[in-house]
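One-letter residues, chain by chain:
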Amino acid sequence: MELLGNMLGGFAVALQPINIAAALLGALVGTATGVLPGLGVLGAMAILMPITIHFSAVTGLIMLAGIYYGAMYGGSTTAILLRIPGESGSIVTTIDGYEFARKGRAGSALMICAVGSFIAGTISIVGLSFFTPLLADVALRFSSPEFCLLALLGGLTLVRITGNNPTQNMLMLLVGTALATIGVDAVSGDTRFTFNTGSLALGFDLVPVALGLYGLSELFHVLASNEGFPRADTVRLRDMIPTRSEWSRAWPAIVRGSGIGFLIGLLPGPGSLTSTFASYGLEKAIAGVHKHEFGKGAVEGFAGPEAANNAVATSALVPVLSLGIPFTPNVALMLGALIVQGIQPGPLLLSQHPDVVWGLLASMYIGNVALLALNLPLVGIWVRLLRVPQYSLIAVIFAISFIGVYTVRNSYWDLCVLVGFGVLGSVLRQIGFDLAPMILGLVIGPIFEKALRETLFLSGGELSIFVARPISAVLAALCVLAVVGPTIAAGFRRGVAVPQPS
Amino acid sequence: MNQVTVVGTEVPIAVHASAPGKGARLASCILTAAGLFYLYHASRLPLGDPPGTGVGAIPLLIGICWVAFGAYSAVRIPKASPESGSWRHGREALRVPAALALCMIFIVALSFFGIFLTTGVFLLLMARLAGSPWKSAVILSIATPAAFWLVFSWGLKVSLPYGSLVSAVLRSR
């Protein structure tokens, strides 16, 4: 009953015209981002983040969330039509989705993906509505040691899972955390690493750093390659109706994918790609008579993974809304947007700012319906978006980035930071460094530092406090598992591998 | 950001296939040196009482780990990551320093010429750099600042810099 009351309150916030417009704009920008190869969801969120700061916290958050789940919708379009994943979550869709399209069923594949995304999004939002208050209640029992270990767990998991070089990832996480220490110390008010300059005393704001690393560096890359967008044939609406047999095979995969995606989104680490591979693996394992179709256009091979990546986009919000700890860079940006607005995320967010949390959840229902309504009839327009000249997008995104960053603090220093991190990001990406840990480090660094110093103050400098409390002991064990788990698993796989004859 | 494979490339691109491992090693060395600099300054900050509660405790911990992981990353032979690419050279590669120069000129010019004039010229040059025809570039450089004014000044009520030179000219009238 309380949940229903909260949800109604959320709809009262979400149905305000400005918030409906924010959800629609975010969903449209997200879909466009998903369709256009190159510009990723993190870049689009970073580009629009300075603009969201001029709205209220809930409006800004609704817009950023719209970009996030909208991109998951849009990513499937180019994956199916052109075998190009607009987003990392659509990589698996390129396998069977594209092959299915080659059989002349592109419209049907798009329809299955759009409906699957809608179902997954809706299931995940319902789960989010139930889980967030539950976890927030549990989190009220958390103290500094638990928050310190949660932040550490988020960072370590990302380091171990993304990319193929954990050492470089750890280095990037540490650099991001170190950047967060520059400026005024949030605990004591003292300044650090400022070298008596006013600019450094302000610290490195998340907006120019994230926009530089993900937005500008991508533009530099696109400018150098000048590859242009590929062309795709448009799809007619009447070709989009799946057959009864296609539907009967798709919907169980969609439900299974939604469940997998929701659960993986709750865990630390990059869930989008992981969930799609998990869903694909499951569908292939239980395929039965259709197993031979996998890789050649199996309906389950794209319906399940597409549902999974949409479910992840929503359930990844549970940890940040209930605990105030982001586990992925996308969600870290949303957390950063809240902090910039002066709202401190954490277990008390739900009780202190219910309008923000419930308004966001309610807006996601609206956004999902809008995406379904917009995506299917407008699929031809989304495909035509690839015909927009690339030069105009490059120039306009450069200009929006500069103006957006400048308007946050009216600071020329932030513009220099933007360009500096754009160059740094461009070089680091080119030589194979993953930038996601740096962004996460910049966001979770202050949370980790504050919690660790409070913990040590409480315990009189004793580190045993981390294992003396039951919840923190479990979290400490999970941190150890996050570090050594992949190595043990790899060793185990090597041990059980049957040598193949040469 | 996700690396995507774009098919239907219109322009053949000259690339220099340098070993990504070499660049990663050099970057790790530079980052380790930066870590040493950070560690030196962190070591001069107070550790607090009880130890670990002071302003310098966490930076010291970060600095030590930074140098350790940086050195390890520089010493071991890095594997080529799927994200790593080849360095471009020729005309395409020159676009990046040219874009960077335009960005720096934008920052310097913004305080003098204001947002509209600077953005207009920036868009014109950036669009040309990205391969736009003159006509499209001119349209873009006029339409976009007007759109920005609509969104930021009129819509979001954000004060945009008009520039010292433009303001002085307006005042003198």
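Please read all numbers here as calculations on a predicted model, not as lab measurements. (Residues numbered from 1 in each chain as written. Chains lettered and ligands numbered in written order. Predicted model: local features only at pLDDT ≥ 70, side-chain atom pairs only at ≥ 80, totals over all residues. Heavy atoms only, no water.)

### Remarks on the packing of aromatic side chains
In step 1: For the structure on display, the rule yields 18 aromatic pairs over all chains.
In step 2: Aromatic side chains tyrosine 280 of chain A and phenylalanine 294 of chain A sit 5.5 Å apart centroid to centroid with 75° between the ring planes, which places their arrangement in the edge-to-face category. In this pair, tyrosine 280 of chain A is assigned in helix H11 (residues 271-285) and phenylalanine 294 of chain A in the loop between H11 and helix H12 (299-315), connecting sequence segments 14 residues apart. Phenylalanine 294 of chain A matches tyrosine 280 of chain A in its accessibility class, with the two residues each being buried.
In step 3: Summarising the aromatic geometry, the rings of tyrosine 406 of chain A and tyrosine 412 of chain A are spaced 5.3 Å apart at their centres and angled 55° between planes, so their arrangement reads as tilted.
In step 4: Relative accessible area serves as the criterion here: at 7%, tyrosine 406 of chain A is assigned to the buried category.
In step 5: According to the relative accessible area criterion, tyrosine 412 of chain A is partly exposed, its value standing at 29%.
In step 6: Taken together, the ring pairs connect Phe220, Phe398 and Phe402 of chain A together with Phe106 and Phe122 of chain B into an aromatic cluster. (Phe/Tyr/Trp six-rings, centres within 6.5 Å; stacked < 30°, edge-to-face > 60°. Helix = DSSP H or I, 4+ residues; strand = E, 2+ residues; numbered from the N terminus. Buried < 20%, exposed > 50% of the residue type's maximum accessible area, 1.4 Å probe, protein only.)

### With respect to the packing of helix H10 (residues 244-266) of chain A against H11 of chain A
All names here are of chain A.
In step 1: Following both chains from N to C, one finds H10 and H11 inclined at 140°, their axes separated by 9 Å at the closest point. On the basis of the axis angle, H10 is oblique to H11. Relative to H11, H10 is oriented so that their crossing is right-handed. Along the contact surface, H10 presents Ala253, Arg256, Gly257, Ile260, Gly261 and Ile264, while H11 presents Gly271, Thr274, Ser275, Ala278, Ser279, Leu282 and Glu283.
In step 2: Residues belonging to the contact of H10 with H11 are distributed by class as follows: five nonpolar, six polar and two charged. (Axes fitted to C-alpha atoms, helices over the stretch in contact; angles between N-to-C directions. Parallel < 35°, antiparallel > 145°, perpendicular 65-115°, else oblique. Left-handed = near helix turned anticlockwise from the far one by under 90°. Contact = heavy atoms within 4.5 Å. Nonpolar A, V, L, I, M, F, W, Y, C, P; charged D, E, K, R; others polar.)

### Concerning the packing of helix H7 (residues 166-180) of chain A against helix H20 (residues 436-459) of chain A
Residue and element names in this part refer to chain A.
In step 1: Where H7 meets H20, the closest approach of the two axes is 7 Å, and the angle between their N-to-C directions is 40°. If you check the angle between H7 and H20, you find them oblique. Relative to H20, H7 is oriented so that their crossing is right-handed. For the pair H7 and H20, contact is made by Asn169, Met172, Leu173, Val175, Gly176, Thr177, Leu179 and Ala180 and by Pro437, Met438, Gly441, Leu442, Gly445 and Pro446, respectively.
In step 2: Residues of the contact of H7 with H20, tallied by class, amount to nine nonpolar, five polar and no charged.

### Re the pattern of salt bridges
Residue and element names in this part refer to chain A.
In step 1: Taken as a whole, this structure holds 13 salt bridges over all chains when the rule is applied.
In step 2: When the shortest N-O distance is used, the salt bridge between glutamate 246 and arginine 105 registers 3.1 Å. With glutamate 246 in helix H10 and arginine 105 in helix H5 (residues 93-139), the pair connects residues that are 141 residues apart, well separated along the chain.
In step 3: Note on glutamate 246: relative accessible area 9%, which makes it buried. (Salt bridge = Lys/Arg side-chain N within 4 Å of Asp/Glu carboxyl O.)

### Notes on H11 of chain A
Residues and elements named next belong to chain A.
In step 1: End to end, H11 covers 20 Å across 15 residues, agreeing with the expected 21 Å (1.5 Å per residue, within 8%).
In step 2: Within the span of H11, buried status applies to Gly271, Ser272, Ser275, Thr276, Ser279, Tyr280 and Glu283. What you see down the axis of H11 is that its buried residues fit within an arc of 160°, all on one side.
In step 3: In the core, the buried residues of H11 are packed alongside helix H4 (57-82), H5, H10 and H12. (Expected span 1.5 Å × (residues − 1). Arc of directions from axis to C-beta.)

### Some words on unusual backbone geometry
In step 1: The amide bond that connects aspartate 49 of chain B to the next residue, proline 50 of chain B, takes the cis arrangement and shows omega of 0°.
In step 2: With respect to the helices and strands, the residue proline 50 of chain B is situated in the loop between helix H1 (20-43) and helix H2 (57-75).
In step 3: The backbone of asparagine 196 of chain A shows a phi angle near 60°, a positive value even though the residue is not glycine.
In step 4: Structurally, the position occupied by asparagine 196 of chain A is in the loop between strand S2 (191-192) and helix H8 (198-201).
In step 5: The phi torsion at asparagine 410 of chain A lies on the positive side, around 50°, for a residue other than glycine.
In step 6: If you trace the backbone, asparagine 410 of chain A turns up in the loop between helix H18 (390-409) and helix H19 (412-430).
In step 7: What makes asparagine 410 of chain A partly exposed here is its relative accessible area of 41%.

### Some details on the side chain of arginine 453 of chain A
In step 1: Here arginine 453 of chain A lies in helix H20.
In step 2: Judged by its relative accessible area of 4%, arginine 453 of chain A is buried.
In step 3: Not counting the four nearest positions on each side in its chain, arginine 453 of chain A is found in contact with Asp185, Val187, Ser188 and Arg192 of chain A together with Gly52, Thr53, Gly54, Val55 and Ile58 of chain B.

### Regarding helix H3 (residues 41-52) of chain A
In step 1: Helix length check: H3 of chain A, at 12 residues, gives a terminal C-alpha distance of 16 Å against a target of 16 Å (1.5 Å per residue), a fit within 8%.
In step 2: Of all 12 residues making up H3 of chain A, 12 are buried, and the element is well covered by its neighbours.
In step 3: Packed against the buried residues of H3 of chain A are helix H2 (17-35), H4, helix H9 (206-225), helix H14 (329-340) and H18 of chain A together with helix H4 (134-155) of chain B.

### Focus on the confidence of the model for chain A
In step 1: On average, residues of chain A carry a pLDDT of 83, and 94% of them reach 70 or more.
In step 2: Of all secondary-structure elements in chain A, the lowest mean pLDDT belongs to helix H17 (residues 379-384) of chain A, at 74, while H7 of chain A reaches the highest, 93. (pLDDT = per-residue confidence, 0-100.)

### Some details on the nonpolar core
In step 1: Core analysis: the biggest nonpolar cluster contains 159 residues, and Tyr68, Leu317, Phe398, Phe402 and Phe433 of chain A have the highest contact counts within it.
In step 2: With 13 residues, the top contributor of residues to this core is H4 of chain A. (Core = buried A, V, L, I, M, F, W, Y, C linked by side-chain atoms within 4.5 Å.)

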